[in-house]
Protein chains: 2
Amino acid sequence: MLEDAAHELFLEQGYAATTVDQIAQRAGVGRNTFFNYFGAKSDVLWADVDDALAALPPSAELRGDDDPIDAVRTALLEAADTMPAHRVPWAVSQSELLGLGAELASSGVHRLARLTEWLGSVLSSRPERPSVTERAAAHALAGAALAGAIDWVRAGRGRSALRDHLAPALEPVCTGFSAGSGCRTA
Amino acid sequence: MLEDAAHELFLEQGYAATTVDQIAQRAGVGRNTFFNYFGAKSDVLWADVDDALAALPPSAELRGDDDPIDAVRTALLEAADTMPAHRVPWAVSQSELLGLGAELASSGVHRLARLTEWLGSVLSSRPERPSVTERAAAHALAGAALAGAIDWVRAGRGRSALRDHLAPALEPVCTGFSAGSGCRTA
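Each chain carries its own residue numbering, running from 1 in the direction its sequence is written. Each chain is given a letter, starting from A, and each ligand a number, starting from 1, according to the order in which they appear as written. In keeping with the model being predicted, local features are shown solely for residues with a pLDDT of at least 70 and side-chain atom pairs are shown and tallied solely at 80 or more, while totals for entire chains, interfaces and linings include all residues. For side-chain calculations, the full set of non-hydrogen atoms in the structure is used, while hydrogens and water are omitted.

This brings us to the pattern of salt bridges. Residue and element names in this part refer to chain A. When a carboxyl oxygen of Asp or Glu is within 4 Å of a side-chain nitrogen of Lys or Arg, the pair counts as a salt bridge. This structure, assessed with the given rule, holds 18 salt bridges over all chains. Linking Glu8 and Arg26 is a salt bridge whose minimum nitrogen-to-oxygen distance equals 2.8 Å. Of this pair, Glu8 sits in helix α1 (residues 2–13) while Arg26 sits in helix α2 (residues 20–27), and the two are 18 residues apart along the sequence. The partly exposed category is assigned to Glu8, whose relative accessible area is 40%. Each residue's exposure class comes from its accessible area (1.4 Å probe, protein chains only) as a fraction of the maximum for that residue type: buried when under 20%, exposed when over 50%, partly exposed otherwise. We classify Arg26 as partly exposed; its relative accessible area is 38%. The partner of Arg31 in a salt bridge is Asp21, and the shortest N-O contact between them spans 3.2 Å. What counts as a helix is a DSSP run of H or I of at least four residues, what counts as a strand is a run of E of at least two, and both are numbered from the N terminus.

In this section: the relation of the copies chain A and chain B. Least squares is the method for superposing the copies, and the C-alpha atoms it fits come from residues with pLDDT of at least 70 in both. With an axial shift of 0.0 Å and an RMSD of 0.0 Å, the rotation relating chain A to chain B amounts to 180°. A rotation of that kind, with that shift, is consistent with a two-fold axis. Should any heavy atoms of two residues lie within 4.5 Å, those residues are counted as being in contact. Here 97% of the interface residues in chain A have copies in chain B that are interface residues too; the copies meet face to matching face.

UniProt positions are given in the numbering used here, feature names are shortened, and annotations may be inferred rather than shown by experiment. Per the UniProt record, "DNA-binding region" (unreviewed entry) is annotated on residues 19–38 of chain A. For residues 19–38 of chain A, the end-to-end C-alpha separation is 13 Å, with 75% helix and 0% strand making up the annotated structure.

This paragraph deals with the environment of B:Arg114. Residue and element names in this part refer to chain B. Tracing the backbone shows Arg114 in helix α9 (residues 102–123). Considering only alpha carbons, one finds Arg114 and Leu53, 61 residues apart in sequence, at a separation of 8.1 Å. Residues contacting Arg114, with those up to four places away along its chain left out, are Asp50 and Leu53.

The next thing to look at is the nonpolar core. Note on terminology: a nonpolar core comprises buried Ala, Val, Leu, Ile, Met, Phe, Trp, Tyr and Cys residues joined through side-chain atoms within 4.5 Å. If you look at the biggest cluster of nonpolar residues, it comprises 110 residues, and the most contacted ones within it are A:Trp118 and B:Trp118. Setting aside residues no more than four positions away along its own chain, B:Trp118 makes contact with B:Leu56, B:Pro57, B:Pro58, B:Ser59, B:Leu62, B:Val72, B:Ala75 and B:Leu76.

Moving on: helix α2 (residues 20–27) of chain B. Residue and element names in this part refer to chain B. Of all the residues in α2, the buried ones are Val20, Ile23 and Ala24. Projected down its long axis, α2 carries its buried residues within an arc of 95°, all on one side. Just downstream of α2 lies Gly28, where phi reads positive at about 75°. The arc refers to the directions leading from the helix axis to the C-beta atoms.

In this complex, chain A contributes 32 residues to the contact, which on the side of chain B involves 31 residues. Summed over both sides, the interface of chain A with chain B buries roughly 2700 Å², with 67% coming from carbon and sulfur. Along the contact surface separating chain A from chain B lie 0 salt bridges. Counted as a polar contact is a pair of N or O atoms within 3.5 Å, where, for protein atoms, one must be capable of donating a hydrogen and the other of accepting one, and residues adjacent in sequence contribute only when both atoms are in side chains. Joining chain A to chain B, the criterion identifies 0 residue pairs in polar contact (both at pLDDT 80 or more). Contributing elements (two or more residues each) for the side of chain A that touches chain B: α6 (68–80), α10 (132–154) and α11 (162–178) of chain A. Looking at the side of chain A that touches chain B, the element that brings in the most residues is α10(A), giving 14 residues. Here the nonpolar group is Ala, Val, Leu, Ile, Met, Phe, Trp, Tyr, Cys and Pro; Asp, Glu, Lys and Arg are the charged ones; every other residue, Gly included, is treated as polar. Among the residues making up the side of chain A that touches chain B, the classes are represented as 16 nonpolar, 8 polar and 8 charged. Summed over both partners, buried area is the accessible surface (1.4 Å probe) that two parts give up on being assembled.

And the structure:
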């Protein structure tokens, strides 16, 4: 109910003007309880996304896969299925109303970085020094996932599941990095 | 010489403690002159990168290309050639010394967003509403370019040209998005 309390306060008085103490008070708990669930005020905005990221399997589980690119694709689509189909992340849907902007961008980038890190940890065969191709695959897949998510958000109220928007965005990147190096070099 | 003055001050007293007025004063110019060249204090850190981004051709020039993915790859590699081979962006090389961190991340993300926007504007056949594939290509290429740039930075003092690190990072993404849709869908 911390989330509900926070959402109410953000809408009533604005995101910037709302303090963690106020959120805790409205929810009838102490400040420490808030920080048991959230690392920062902005984490409340991204709770759905953070849950989906937390649903990604530990990278060690996927690392031994014969086709790690395919393994991460499958894992991403399964994590996407944990997102409520009808509900875009609160931070995004309310961003104009709440006057987020820089705050939304920086807290969103933090999630993208976490996803990129997870992808990198699965794809790197030598974790201590990933090759440029492994690193590129991680960043490119994260970028494609972001593009799919943006497409999903923009599809509006009648949108289908996130998976349907993620799959076509990820597909060409997966193909490119699975195809090996049989292509001309610029 | 604004850049030199700013670098001196950043190193002498730290990035956070340095004001635009101090930079202008050290360079012997007025505050307004600073803002003729830079939009914000953090822009000084990224001058090399911003010059390289400014060297990208107008998107309208490339949009009619038969193979827009190949056209953007070529343009990216040519822009990379404008970066001094031996010198990584000042923001990155000095980030630990200057205690940048959040500042570096947010100002760096701004550059990545600009690159993604440029890529999107070249790749979108319908600028008013890019399809998910076009959007994914833009984000994936930007991610791969970032990965190549990181690889270049980490290669250390004996590094070769940025182009040599960018090309292998971009290659699989270009292949994937040029290959069309002849691949299985998850």
